[in-house]
Amino acid sequence: MSILQSTDKRALRKTITTTLRGLSQSDIQSQSQAIAEKVLSLPAFQQCKTVSCYLSMPAAEVQTTSLILNILGGLGKTLFVPSITSSDGNMDFVRVYTEEDYRSFPSGLWGIPEPTPEWSSKKRQSIFDADCNNLDLILVPGVAFDQSLSRLGHGKGYYDRFITSYSSSTGRSKPLLVALALEQQLLEHGQVPMFDHDWKMDMIITPDKVITAPQA
């Protein structure tokens, strides 16, 4: 990545973050609810068995509590959430078992709930465990996205590294990557810089549209 390209990413991240911080909580909640309804009615979501959903910050991004409670509420799906416990820059996904489990998570960095290492005195299942089913779908956060399905994250590279690592594991196929975006996070084609290690999304869901890659 060149210095200029890196600067472009940082500048765009700063601009969008400033915009998002200016949104009212009621606006974010309203948009988040519309997005949640779109996700729940999505055939790809309805058909998947094992899904990951990020745990949202209190503000400035799509809120996922409603989605998580729906997934845990009897949809017949297994839920995994991101967990960063090592200092090597890698992210795991660990299982959430019940609504009680989810609501017991302590608040961590940036006010994001953090899964505990254990539940009911047992180590949480990791998506990398040999006895774990393949991950079908990931609900992905980000700072900005564009109409060509490019994603700008927070600059740590957690999701890109995870997807690369998981997809290269023996017998694992790449999960469907579904980004959740507030209206203010969706930009026009080509406005999000992309590099070789960046993964494009398969789908972006906003309050009023579902964007997918054009069929070949």
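For the structure given in this document, a descriptive report is provided here. Being a predicted model, the structure only gives us computed values, none of them experimental. (Residues numbered from 1 in each chain as written. Predicted model: local features only at pLDDT ≥ 70, side-chain atom pairs only at ≥ 80, totals over all residues. Heavy atoms only, no water.)

A short note on the overall build of the protein chain
The helix and strand inventory of the protein chain stands at 6 helices and 12 strands. For 216 residues, the compact-globule estimate of 2.2 N^0.38 gives 17 Å, and the C-alpha radius of gyration of the protein chain, at 17 Å, lies within 12% of that figure. When the 216 residues of the protein chain are sorted by exposure, 44% land in the buried category. Expressed as a percentage of contacts within the protein chain between residues at least 6 apart in sequence, the contacts between residues at least 24 apart total 73%. When the accessible surface of the protein chain is totalled, it reaches about 10900 Å², and 51% of it is carbon and sulfur. (Helix = DSSP H or I, 4+ residues; strand = E, 2+ residues; numbered from the N terminus. Rg over C-alpha atoms; globule rule 2.2 N^0.38 Å. Buried < 20%, exposed > 50% of the residue type's maximum accessible area, 1.4 Å probe, protein only. Contact = heavy atoms within 4.5 Å. Areas by Shrake-Rupley, 256 points an atom, 1.4 Å probe, with all protein chains shown as cover.)

A word on the packing of aromatic side chains
One pair of aromatic rings is described through two measures. These are the centre distance and the angle between the planes. Scanning the model with the defined rule gives 6 aromatic pairs in all. Ring centres 5.5 Å apart and planes at 20 degrees place the aromatic pair phenylalanine 162 and tyrosine 166 in the stacked group. Here phenylalanine 162 pairs with tyrosine 166, and both are found in helix α6 (residues 158–167), just 4 residues apart, close to one helical turn. The burial state of phenylalanine 162 is the same as that of tyrosine 166; both residues are buried. Put simply, the rings of Phe93, Phe128, Tyr159, Phe162 and Tyr166 touch in pairs and so form one group of aromatic residues. (Phe/Tyr/Trp six-rings, centres within 6.5 Å; stacked < 30°, edge-to-face > 60°.)

Here's the deal with the pattern of salt bridges
Overall, the coordinates contain 4 salt bridges when judged by the stated rule. Among the ionic pairs, arginine 103 bridges to glutamate 99, the shortest N-O distance being 2.8 Å. Taken together, the residues arginine 103 and glutamate 99, both in helix α5 (residues 99–103) and 4 residues apart, mark about one turn of the helix. Its relative accessible area of 52% is what places arginine 103 among the exposed residues. A salt bridge links arginine 124 to aspartate 101, with the nearest nitrogen and oxygen atoms 2.6 Å apart. In this pair, arginine 124 sits in the loop between β5 (122–123) and β6 (137–140) while aspartate 101 sits in helix α5, placing the two residues 23 residues apart along the sequence. Look at arginine 124 and you get buried, because its relative accessible area is 3%. On the basis of relative accessible area, aspartate 101 is assigned to the buried category, the value being 0%. (Salt bridge = Lys/Arg side-chain N within 4 Å of Asp/Glu carboxyl O.)

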